[in-house]
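For reference, the chains in residue letters:
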There are 2 protein chains.
Amino acid sequence: MAEGRIDAARSLFIRRWGEMAASWGISRTMAEIHAMLFVSSQPACTDDVMEELAVSRGSASINLRQLVNWGLIHRVHRRNDRKEYFEAEHDVWQMFDTIIRERRRREVEPIVETLQRCLTIISEERGRLSAEARKEAEVYQKRFTDILEFCGTMNTLFNLMSKAGRTGLKPLAKTVGKLVG
Amino acid sequence: MAEGRIDAARSLFIRRWGEMAASWGISRTMAEIHAMLFVSSQPACTDDVMEELAVSRGSASINLRQLVNWGLIHRVHRRNDRKEYFEAEHDVWQMFDTIIRERRRREVEPIVETLQRCLTIISEERGRLSAEARKEAEVYQKRFTDILEFCGTMNTLFNLMSKAGRTGLKPLAKTVGKLVG
DNA sequence: CGATCCTTTCAAAAGCTTCTGAAAGATTAT
DNA sequence: ATAATCTTTCAGAAGCTTTTGAAAGGATCG
């Protein structure tokens, strides 16, 4: 039964992937389904997911849909088969790009917008403040500006990374390494 | 009352920062406390936190401790005052470095270790598998190797970024931009 | 058209995380 | 040593997220 240990490796990976994702704010089941489809060479259907991960039909359905919305898996169809099957994106760099793009849209953009709004308020009120209050406002201004600048730089870098990704970021890392020292 | 809008900006930022963090798997209160200390020019004590964020003493205590454990805030003391005060790291790049380091240790390293274990199992069992099972195992091997390689590259890049960070990553981004095209 | 097969939906339940508040523990002052 | 002040702890409460399972909704087949 040499396959036993291989299957164990498969399910160990799936479980750990789910645990990791959970600590990054992604539901465990969604991540487990993703891991399962990521390692599989064949597309899987809802019943496959239900069986392998022991989840209900409802949960499988909802989580599969979310993964499709994220763009991490795709629906595929087979001839003479009404069932829907799902297949994961297998290119790790493409996956990374998708995740970064989604999270930026959902979670980073709102805070950037808030920071800009806060800075606007500060510059509008600046003239009306007492000397003391102005000092405080200037501290806020610096903090908000710092974060915005950080976001901008990270943005640029991630864009560069996803551009470089497919053709190979490893050589890039080496080059950058030399530049930085 | 020009200060009213400034205070509103402050608390808006704190709330949004908390919401963002919540979607990244960090508790809202912990993030709000962090945001509050980050924008403040003066250290704050437990009662300040309780008052501004309307949380219980227990919650303030626990979350402050966690922030200290993460290395995102520090305890500071004042003469003739028994109270403990807390002050955030204000350098955004230092903050980034701290967060990346912590999360890598807590969440990335376990999955890397698992992947290595899985690869070991596969290479051990490889010889004992039927032709069909071996084909499947080879798919797993490729997937696991791909992720490991990805982790390695990201590791290198983040190390470079935190090295470059303080002296300025913006010029670096420009340089990299030219390299990538 | 009715039967079959598959997917989606959603209210209730379960499970998980975080918070509360009072009591215990520490530390410093008198 | 005792009082005063501040911090930590933790069992129970509250709140939030996810899952379940059955019913409804769609699509395709004969």
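Rules and cut-offs
Residues numbered from 1 in each chain as written. Chains lettered and ligands numbered in written order. Predicted model: local features only at pLDDT ≥ 70, side-chain atom pairs only at ≥ 80, totals over all residues. Heavy atoms only, no water. Near = heavy atom within 4 Å. Polar contact = N/O pair within 3.5 Å; in protein donor to acceptor, adjacent residues only side chain to side chain. Helix = DSSP H or I, 4+ residues; strand = E, 2+ residues; numbered from the N terminus. Nonpolar A, V, L, I, M, F, W, Y, C, P; charged D, E, K, R; others polar. Least-squares fit on C-alpha atoms with pLDDT ≥ 70 in both. Contact = heavy atoms within 4.5 Å. Salt bridge = Lys/Arg side-chain N within 4 Å of Asp/Glu carboxyl O. Buried < 20%, exposed > 50% of the residue type's maximum accessible area, 1.4 Å probe, protein only. Core = buried A, V, L, I, M, F, W, Y, C linked by side-chain atoms within 4.5 Å. Pairing = 2+ DSSP bridges. Axes fitted to C-alpha atoms, helices over the stretch in contact; angles between N-to-C directions. Buried area = accessible area lost by both parts, 1.4 Å probe. Domains from an automatic or database assignment.

Student: Account for the protein's contact with DNA strand D, naming residues and giving values.
Tutor: Around DNA strand D, 19 residues are found, and the nearest of them are A:Thr29, A:Ser56, A:Arg82, B:Arg65 and B:Glu84. Considering DNA strand D, the proportion of its atoms within 4 Å of the protein that are sugar or phosphate atoms stands at 59%. Backbone polar atom of A:Ser56 to a phosphate oxygen of DNA strand D: 2.5 Å apart, as the coordinates give it. Here a phosphate oxygen of DNA strand D and a side-chain polar atom of B:Arg65 are 2.4 Å apart. Sorting elements by how many residues they give to the surface near DNA strand D places helix 4 (residues 57–70) of chain B first, with five residues. Across the surface near DNA strand D, the residue classes break down as three nonpolar, nine polar and seven charged.

Student: A description of the relation of the copies chain A and chain B should follow, citing residues and the corresponding values.
Tutor: Turning chain A through 180 degrees and shifting it by 0.0 Å along the axis lays it on chain B, with an RMSD of 0.0 Å. Such a turn and shift between the copies fits a two-fold axis. Closest approach to the rotation axis among the C-alpha atoms of chain A is made by A:Gly25, whose C-alpha sits 2.1 Å away. Most of the interface of chain A is mirrored in chain B, where 100% of its interface residues are also at the interface.

Student: Got a sec to walk through the pattern of salt bridges? Specific residues and values, please.
Tutor: Scanning the entire structure with this criterion turns up 26 salt bridges over all chains. Measuring nitrogen to oxygen at the nearest pair gives 2.7 Å for the salt bridge that ties A:Glu125 to B:Arg5. Pair noted here: A:Glu125 is in helix 5 (residues 92–125) and B:Arg5 is in helix 1 (residues 2–22), and the two residues belong to different chains. Overall, the relative accessible area of 37% leaves B:Arg5 in the partly exposed class. B:Arg128 serves as the salt-bridge partner of B:Glu125, at 3.5 Å between the closest nitrogen and oxygen. Residue classification places B:Glu125 among the buried residues on the basis of a relative accessible area of 1%. When salt bridges that share partners are traced, they join A:Arg5, B:Glu124, B:Glu125 and B:Arg128 into one network.

Student: Lay out the protein's contact with DNA strand C with the relevant residues and their values.
Tutor: For DNA strand C, the set of nearby residues contains 19 residues, the closest of which are A:Arg65, A:Glu84, B:Thr29, B:Ser56 and B:Arg82. For DNA strand C, the fraction of atoms within 4 Å of the protein that belong to sugar or phosphate moieties is 61%. The contact in question runs from a sugar or linking oxygen of DNA strand C to an N or O atom on the side chain of A:Arg82, over 3.2 Å. Within the contact set of DNA strand C, a phosphate oxygen lies 3.0 Å away from a backbone nitrogen or oxygen of A:Glu84. Among the elements of the structure, helix 4 (57–70) of chain A together with helix 4 of chain B are those that each provide at least two residues to the surface near DNA strand C. At five residues, the largest contribution of residues to the surface near DNA strand C is made by helix 4 of chain A.

Student: Please give an account of the nonpolar core that cites residues and values.
Tutor: Formed by 109 residues in total, the largest nonpolar core has its most connected members in A:Phe13, A:Trp17, A:Phe144, B:Phe13, B:Trp17 and B:Phe144. Apart from residues lying up to four places away in sequence, B:Trp17 is in contact with A:Ile111, A:Ile147, B:Ala31, B:His34, B:Ala35 and B:Met95.

Student: Explain the sheet that holds strand 2 (residues 73–78) of chain B to me, using residue names and the numbers behind them.
Tutor: Residue and element names in this part refer to chain B. Strand order in the open sheet made by the three strands is 1-3-2, with antiparallel pairing throughout. Each end of this open sheet is capped by a strand with a single partner; those strands are strand 1 (44–45) and strand 2. In the sheet, strand 2 pairs with strand 3 (residues 81–88) via six bridges, with the strands oriented antiparallel. Its bridge partner lying in strand 3, Arg-75 is registered against Phe-86. The strands that helix 2 (residues 28–39) touches are strand 1, strand 2 and strand 3; relative to strand 3, the one it contacts most, it runs at about 90 degrees. With respect to the sheet, helix 4 is in contact with strand 2 and strand 3, its orientation differing from that of strand 2 by roughly 110 degrees.

Student: Pulling in residues and values, what's your account of unusual backbone geometry?
Tutor: All names here are of chain A. Phi angles above zero are rare outside glycine, and Ala-54 is one such case at about 55 degrees. As for its placement among the helices and strands, Ala-54 is situated in the loop between helix 3 (46–53) and helix 4. For Ala-54, a relative accessible area of 65% gives the class exposed.

Student: Account for the interface of chain A and chain B, naming residues and giving values.
Tutor: Taken together, the contacts link 67 residues of chain A with 67 residues of chain B. Both sides together, the interface formed by chain A and chain B hides about 6500 Å², and carbon and sulfur atoms give 76% of it. Between the two partners, chain A and chain B, sit four salt bridges. Contributing elements (two or more residues each) for the side of chain A that touches chain B: helix 1 (2–22), helix 2 (28–39), helix 5, helix 6 (131–165) and helix 7 (170–180) of chain A. Across the side of chain A that touches chain B, the residue classes tally to 39 nonpolar, 12 polar and 16 charged.

Student: How would you summarise the domain arrangement of chain A if you had to cite specific residues and measurements?
Tutor: All names here are of chain A. Domain boundaries assigned for chain A yield domain 1 (2–88) and domain 2 (92–180). Measuring from the centre of the C-alpha atoms in domain 1 to the corresponding centre in domain 2 gives 33 Å. The partner domain 2 presents seven residues to the 10 residues of domain 1 that form the contact. Here domain 1 and domain 2 share an interface that buries about 710 Å² over both sides, 69% of which is from carbon and sulfur atoms.

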